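# Working through the structure, step by step
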Amino acid sequence: VLALLVAYLIALVAIHGWFGHELRDWDAIGRSWTATRFQPFYYHYFTTEQAALVSVVAVAIMYAPMGLLTWATYSVPLFAFVATLLLATIFESSKLFLEGFHADPTNILIGATTAWGVRRALRFLRVAQSRTGPCEAESTRRDASSKVNITQTSPVGMSSILGKDVAILATVIT
């Protein structure tokens, strides 16, 4: 996991232009800070819908691996959010110092929320998979009269229903 984290950080450094862009002087850094808008989605509002959507998706893809890495280390989803919040703050703040970039504070929230969501989704999938392993699913298919406990397989929280009702429902839906 540590090797993946290092490779991921190097990729982020390269994506954010730390290797190929010149540093601004102090006056330009001050002007860049003054020009930064802190309203959520400000820069997305003043562009085309296509450019805004591409930007949101690109930032989400850029920080989604943090959710995967925190899942691999068995960290809680809040850790994914906070760690990505700090990481994205560092990278967005660095854009103040680099020529040709402008900092977008919304990217910090998009990145942190994406990492949190990926971590939550992976946690849900792991819990759902552990509760309904392949043996249980196979035995449910063989014995249609057995009870299937929906609280174990679904976040909806229904108590329980008969297996044959599930089979009837599945045939109606398909």
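Bear in mind that the values here come from a model prediction, so they are computed numbers and not experimental data.

Our next topic: the overall build of the protein. A count of helices and strands for the protein gives 9 helices and 2 strands. For the protein, the N- to C-terminal ordering of α and β elements is α-α-α-α-α-α-α-β-α-β-α. Put simply, 67% of the contacts in the protein that link residues at least 6 apart link residues at least 24 apart. Of the accessible surface of the protein, which amounts to about 11400 Å², a share of 69% is contributed by carbon and sulfur atoms.

Let's shift gears to the confidence of the model for the protein. Within the protein, residue pLDDT values average 78, and 76% of them lie at 70 or more. Here strand S2 (residues 161–162) stands out as the element of the protein with the lowest mean pLDDT, 38, in contrast to helix H5 (residues 77–94), whose mean of 94 is the highest. Note that residues 137–174 has pLDDT below 50 and, in this model, 28 contacts with residues that lie over four places away or in other chains.

On to the environment of Phe-81. Its place among the elements puts Phe-81 in helix H5. Considering only alpha carbons, one finds Phe-81 and Gly-67, 14 residues apart in sequence, at a separation of 8.1 Å. Residues contacting Phe-81, with those up to four places away along its chain left out, are Ala-112, Thr-113 and Trp-116.

Counting residues in hydrophobic clusters, the biggest one holds 16 residues, and the most contacted among them are Tyr-8, Leu-12, Tyr-63, Met-66, Leu-87 and Phe-91. Elements represented by at least two residues in this core include exactly helix H1 (2–15), helix H4 (49–72), H5 and helix H6 (105–131). Phe-91 has contacts with Leu-9, Leu-12, Val-13, His-16, Trp-18 and Tyr-63, leaving out every residue within four places of it along the chain.

Conventions we followed
- Residues numbered from 1 in each chain as written.
- Predicted model: local features only at pLDDT ≥ 70, side-chain atom pairs only at ≥ 80, totals over all residues.
- Heavy atoms only, no water.
- Helix = DSSP H or I, 4+ residues; strand = E, 2+ residues; numbered from the N terminus.
- Contact = heavy atoms within 4.5 Å.
- Areas by Shrake-Rupley, 256 points an atom, 1.4 Å probe, with all protein chains shown as cover.
- pLDDT = per-residue confidence, 0-100.
- Core = buried A, V, L, I, M, F, W, Y, C linked by side-chain atoms within 4.5 Å.
- Buried < 20%, exposed > 50% of the residue type's maximum accessible area, 1.4 Å probe, protein only.

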